[in-house]
Amino acid sequence: SQQGEEDPQALSIQEGENATMNCSYKTSINNLQWYRQNSGRGLVHLILIRSNEREKHSGRLRVTLDTSKKSSSLLITASRAADTASYFCATDAVRMDSSYKLIFGSGTRLLVRP
Amino acid sequence: KAGVTQTPRYLIKTRGQQVTLSCSPISGHRSVSWYQQTPGQGLQFLFEYFSETQRNKGNFPGRFSGRQFSNSRSEMNVSTLELGDSALYLCASSFSGVSSYNEQFFGPGTRLTVL
(Lines give C-alpha, C1' and ligand atoms only; values in the text may rest on other atoms or scores of the structure.)
Protein backbone atom coordinates (compact mmCIF):
# COMPACT_ATOMS: atom_id res chain seq x y z
CA SER A 1 0.00 0.00 0.00
CA GLN A 2 1.17 3.50 -0.69
CA GLN A 3 2.63 5.38 2.22
CA GLY A 4 1.76 8.86 1.02
CA GLU A 5 -1.49 10.31 -0.14
CA GLU A 6 -1.58 13.68 -1.80
CA ASP A 7 -4.14 16.37 -1.88
CA PRO A 8 -5.43 17.74 -4.12
CA GLN A 9 -5.19 15.20 -6.93
CA ALA A 10 -5.28 18.03 -9.46
CA LEU A 11 -4.74 21.76 -9.21
CA SER A 12 -5.20 24.46 -11.83
CA ILE A 13 -3.93 27.97 -11.17
CA GLN A 14 -3.03 31.12 -13.04
CA GLU A 15 0.60 32.00 -13.69
CA GLY A 16 1.94 34.11 -10.84
CA GLU A 17 -0.27 32.51 -8.20
CA ASN A 18 1.00 30.24 -5.46
CA ALA A 19 0.39 26.49 -5.52
CA THR A 20 0.11 24.40 -2.37
CA MET A 21 0.14 20.62 -2.33
CA ASN A 22 -0.26 18.43 0.71
CA CYS A 23 1.01 14.97 1.51
CA SER A 24 0.07 12.64 4.33
CA TYR A 25 1.84 9.45 5.31
CA LYS A 26 1.22 6.61 7.70
CA THR A 27 4.34 5.52 9.55
CA SER A 28 7.44 7.06 11.07
CA ILE A 29 9.97 8.35 8.60
CA ASN A 30 13.56 9.49 8.46
CA ASN A 31 12.97 11.97 5.70
CA LEU A 32 10.43 13.10 3.15
CA GLN A 33 11.24 14.11 -0.39
CA TRP A 34 9.36 15.91 -3.13
CA TYR A 35 9.77 15.07 -6.79
CA ARG A 36 8.47 16.57 -10.02
CA GLN A 37 7.59 14.60 -13.11
CA ASN A 38 6.89 16.09 -16.49
CA SER A 39 4.44 14.12 -18.57
CA GLY A 40 5.57 10.49 -18.63
CA ARG A 41 9.21 11.25 -18.05
CA GLY A 42 11.68 10.63 -15.23
CA LEU A 43 11.42 12.14 -11.79
CA VAL A 44 13.35 15.21 -10.79
CA HIS A 45 14.32 15.61 -7.15
CA LEU A 46 13.14 18.92 -5.72
CA ILE A 47 13.84 18.93 -2.03
CA LEU A 48 14.48 16.65 0.94
CA ILE A 49 13.39 17.46 4.47
CA ARG A 50 14.55 15.43 7.42
CA SER A 51 12.28 14.29 10.21
CA ASN A 52 13.92 16.71 12.66
CA GLU A 53 13.33 19.68 10.37
CA ARG A 54 10.10 21.66 10.22
CA GLU A 55 10.61 23.87 7.21
CA LYS A 56 12.94 24.10 4.26
CA HIS A 57 13.32 26.49 1.37
CA SER A 58 14.81 26.12 -2.07
CA GLY A 59 14.29 28.98 -4.50
CA ARG A 60 10.55 29.33 -5.03
CA LEU A 61 9.85 26.12 -3.10
CA ARG A 62 8.91 25.94 0.53
CA VAL A 63 8.35 22.60 2.25
CA THR A 64 6.96 22.07 5.71
CA LEU A 65 6.87 18.88 7.72
CA ASP A 66 4.66 18.11 10.70
CA THR A 67 5.65 14.73 12.08
CA SER A 68 2.95 14.84 14.76
CA LYS A 69 0.31 14.99 12.02
CA LYS A 70 2.34 12.89 9.60
CA SER A 71 1.92 15.47 6.90
CA SER A 72 3.94 17.72 4.64
CA SER A 73 3.16 20.55 2.29
CA LEU A 74 4.91 21.89 -0.79
CA LEU A 75 4.40 25.53 -1.68
CA ILE A 76 5.46 26.86 -5.07
CA THR A 77 5.43 30.64 -5.10
CA ALA A 78 4.97 32.87 -8.14
CA SER A 79 4.18 29.87 -10.34
CA ARG A 80 5.19 29.71 -13.98
CA ALA A 81 3.80 27.76 -16.92
CA ALA A 82 6.97 25.64 -16.79
CA ASP A 83 5.91 24.42 -13.33
CA THR A 84 3.14 22.42 -14.98
CA ALA A 85 3.90 18.83 -13.97
CA SER A 86 2.96 16.12 -11.50
CA TYR A 87 4.38 16.44 -8.02
CA PHE A 88 5.02 13.47 -5.74
CA CYS A 89 5.99 13.18 -2.14
CA ALA A 90 8.07 10.19 -1.16
CA THR A 91 8.95 8.82 2.22
CA ASP A 92 11.74 6.47 3.07
CA ALA A 93 11.37 3.09 4.67
CA VAL A 94 14.69 2.17 6.17
CA ARG A 95 15.49 -1.33 7.22
CA MET A 96 17.98 -2.49 9.81
CA ASP A 97 20.54 -3.25 7.13
CA SER A 98 20.39 0.38 5.91
CA SER A 99 18.73 -0.69 2.69
CA TYR A 100 16.52 1.97 1.35
CA LYS A 101 13.38 2.39 -0.66
CA LEU A 102 11.05 5.24 -1.39
CA ILE A 103 7.30 4.97 -1.04
CA PHE A 104 5.54 7.44 -3.25
CA GLY A 105 2.28 9.23 -2.87
CA SER A 106 -0.35 9.30 -5.55
CA GLY A 107 0.75 12.69 -6.85
CA THR A 108 -0.78 16.08 -7.57
CA ARG A 109 -1.17 17.17 -11.18
CA LEU A 110 -0.48 20.88 -11.37
CA LEU A 111 -1.54 22.96 -14.34
CA VAL A 112 -0.31 26.54 -14.49
CA ARG A 113 -2.26 28.56 -17.03
CA PRO A 114 -0.37 31.33 -18.83
CA LYS B 1 28.64 13.86 -14.19
CA ALA B 2 26.44 11.99 -16.59
CA GLY B 3 22.97 11.23 -15.27
CA VAL B 4 21.22 7.91 -14.92
CA THR B 5 20.65 6.30 -18.30
CA GLN B 6 18.10 3.68 -19.19
CA THR B 7 17.84 1.60 -22.33
CA PRO B 8 15.78 1.10 -24.31
CA ARG B 9 13.51 4.12 -23.93
CA TYR B 10 10.54 2.42 -25.57
CA LEU B 11 9.67 -1.22 -25.98
CA ILE B 12 6.73 -3.12 -27.40
CA LYS B 13 6.29 -6.78 -26.57
CA THR B 14 3.51 -9.34 -26.75
CA ARG B 15 2.01 -11.37 -23.94
CA GLY B 16 4.13 -14.32 -22.90
CA GLN B 17 7.41 -12.80 -24.03
CA GLN B 18 10.18 -11.76 -21.72
CA VAL B 19 12.00 -8.45 -21.57
CA THR B 20 15.25 -7.07 -20.16
CA LEU B 21 15.69 -3.44 -19.25
CA SER B 22 19.02 -1.83 -18.50
CA CYS B 23 20.07 0.96 -16.15
CA SER B 24 23.44 2.68 -15.81
CA PRO B 25 23.73 4.64 -12.56
CA ILE B 26 25.64 7.82 -11.93
CA SER B 27 29.35 7.15 -11.60
CA GLY B 28 30.21 6.33 -8.00
CA HIS B 29 26.68 5.37 -7.04
CA ARG B 30 26.39 1.85 -5.72
CA SER B 31 22.68 1.58 -5.11
CA VAL B 32 20.21 1.06 -7.92
CA SER B 33 16.47 0.89 -7.35
CA TRP B 34 13.71 0.05 -9.78
CA TYR B 35 10.16 1.38 -9.77
CA GLN B 36 7.08 0.66 -11.83
CA GLN B 37 4.68 3.46 -12.66
CA THR B 38 1.16 2.82 -13.92
CA PRO B 39 -1.91 5.08 -13.99
CA GLY B 40 -3.78 2.74 -11.69
CA GLN B 41 -1.16 1.84 -9.09
CA GLY B 42 1.10 4.87 -9.27
CA LEU B 43 4.78 4.54 -8.46
CA GLN B 44 5.66 1.24 -6.85
CA PHE B 45 9.00 -0.01 -5.60
CA LEU B 46 10.27 -3.16 -7.28
CA PHE B 47 13.69 -3.82 -5.77
CA GLU B 48 17.00 -2.31 -4.76
CA TYR B 49 20.48 -3.57 -5.49
CA PHE B 50 23.63 -2.58 -3.66
CA SER B 51 27.05 -3.97 -4.47
CA GLU B 52 25.58 -6.72 -6.65
CA THR B 53 23.19 -7.91 -3.91
CA GLN B 54 19.46 -7.45 -3.73
CA ARG B 55 18.88 -5.64 -0.45
CA ASN B 56 15.22 -4.85 -0.63
CA LYS B 57 12.25 -6.11 -2.56
CA GLY B 58 8.74 -4.85 -3.15
CA ASN B 59 5.56 -6.87 -3.52
CA PHE B 60 5.87 -8.08 -7.08
CA PRO B 61 5.62 -11.64 -8.39
CA GLY B 62 8.69 -13.72 -9.12
CA ARG B 63 8.35 -12.92 -12.82
CA PHE B 64 10.11 -9.69 -11.98
CA SER B 65 13.79 -10.13 -11.29
CA GLY B 66 16.94 -8.13 -11.48
CA ARG B 67 20.65 -8.15 -11.06
CA GLN B 68 23.52 -5.79 -10.63
CA PHE B 69 26.97 -6.05 -12.11
CA SER B 70 30.31 -5.18 -10.58
CA ASN B 71 30.26 -1.78 -12.32
CA SER B 72 26.91 -1.07 -10.62
CA ARG B 73 24.94 -1.28 -13.85
CA SER B 74 21.68 -3.06 -13.31
CA GLU B 75 19.25 -5.04 -15.41
CA MET B 76 15.65 -5.85 -14.75
CA ASN B 77 13.93 -8.83 -16.32
CA VAL B 78 10.25 -9.57 -16.65
CA SER B 79 9.29 -13.02 -17.84
CA THR B 80 5.98 -14.22 -19.23
CA LEU B 81 4.72 -10.72 -19.85
CA GLU B 82 1.12 -9.84 -19.05
CA LEU B 83 -0.94 -6.93 -20.32
CA GLY B 84 -0.82 -5.41 -16.85
CA ASP B 85 2.95 -5.14 -17.05
CA SER B 86 2.57 -2.22 -19.44
CA ALA B 87 4.12 0.65 -17.53
CA LEU B 88 6.90 3.16 -17.25
CA TYR B 89 9.85 1.50 -15.52
CA LEU B 90 12.08 3.90 -13.68
CA CYS B 91 15.53 3.30 -12.38
CA ALA B 92 17.12 5.41 -9.66
CA SER B 93 20.63 5.50 -8.30
CA SER B 94 22.07 6.84 -5.10
CA PHE B 95 25.35 6.73 -3.29
CA SER B 96 23.67 4.92 -0.40
CA GLY B 97 26.18 5.13 2.37
CA VAL B 98 25.27 4.25 5.92
CA SER B 99 23.02 7.27 6.27
CA SER B 100 19.51 7.02 4.89
CA TYR B 101 19.55 10.64 3.83
CA ASN B 102 20.25 9.87 0.23
CA GLU B 103 18.75 11.66 -2.70
CA GLN B 104 17.78 9.28 -5.46
CA PHE B 105 18.51 10.34 -9.02
CA PHE B 106 16.08 8.98 -11.57
CA GLY B 107 16.59 8.01 -15.17
CA PRO B 108 14.17 8.94 -17.97
CA GLY B 109 12.45 5.57 -17.78
CA THR B 110 11.63 2.77 -20.20
CA ARG B 111 8.09 2.77 -21.55
CA LEU B 112 7.02 -0.87 -21.93
CA THR B 113 3.87 -1.70 -23.85
CA VAL B 114 2.58 -5.27 -23.79
CA LEU B 115 0.14 -6.19 -26.56
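Placed above this text is the structure.
Only a predicted model underlies this, so the values are computations on that prediction, with no experimental measurement involved.

Reading the values: rules and limits
- Residues numbered from 1 in each chain as written.
- Chains lettered and ligands numbered in written order.
- Predicted model: local features only at pLDDT ≥ 70, side-chain atom pairs only at ≥ 80, totals over all residues.
- Heavy atoms only, no water.
- Helix = DSSP H or I, 4+ residues; strand = E, 2+ residues; numbered from the N terminus.
- Phe/Tyr/Trp six-rings, centres within 6.5 Å; stacked < 30°, edge-to-face > 60°.
- Buried < 20%, exposed > 50% of the residue type's maximum accessible area, 1.4 Å probe, protein only.
- Pairing = 2+ DSSP bridges.
- Axes fitted to C-alpha atoms, helices over the stretch in contact; angles between N-to-C directions.

1. Focus: unusual backbone geometry
Backbone geometry follows two general trends: most residues other than glycine have a negative phi, and most peptide bonds adopt the trans configuration.
For step 1, the next point in the chain: In this structure, the amide linkage connecting Asp7(A) to the following residue, Pro8(A), adopts the cis form with an omega of 0 degrees.
For step 2, the next point in the chain: When you line up the elements, Pro8(A) lands in the loop between strand S1 (5–7) and strand S2 (10–14).
For step 3, the next point in the chain: Each neighbour pair has its own omega, and for Thr7(B) with Pro8(B) the value is -10 degrees, a cis peptide bond.
For step 4, the next point in the chain: With respect to the helices and strands, the residue Pro8(B) is situated in the loop between strand S1 (5–7) and strand S2 (10–13).
For step 5, the next point in the chain: A positive phi angle, near 45 degrees, is found at Ala78(A), a position not held by glycine.

2. Points about the packing of aromatic side chains
Residues and elements named next belong to chain B.
For step 1, the next point in the chain: A complete count under the given rule lists nine aromatic pairs over all chains for this structure.
For step 2, the next point in the chain: Where Tyr35 meets Phe45, the ring centres are 5.6 Å apart and the plane angle is 70 degrees; that geometry is what we call edge-to-face. On the criterion of sequence distance, the pair formed by Tyr35 in strand S4 (residues 31–38) and Phe45 in strand S5 (residues 42–50) is long-range, its members being ten residues apart. Grouping residues by exposure puts Tyr35 and Phe45 together as buried.

3. Some points on the sheet that holds strand S7 (residues 61–66) of chain A
Residues and elements named next belong to chain A.
For step 1, the next point in the chain: Pairing is antiparallel in the open sheet, where five strands are placed in the order S1-S3-S8-S7-S6. Edge positions in the open sheet fall to S1 and strand S6 (55–58), since each of these has one partner strand only. Sheet twist, expressed as the mean angle between neighbouring strand axes with direction ignored, is 15 degrees.
For step 2, the next point in the chain: Taken together, the six bridges between S7 and strand S8 (residues 71–76) define a ladder with antiparallel strand orientation. Residue pairing across strands places Val63 opposite Leu74, the latter belonging to S8.

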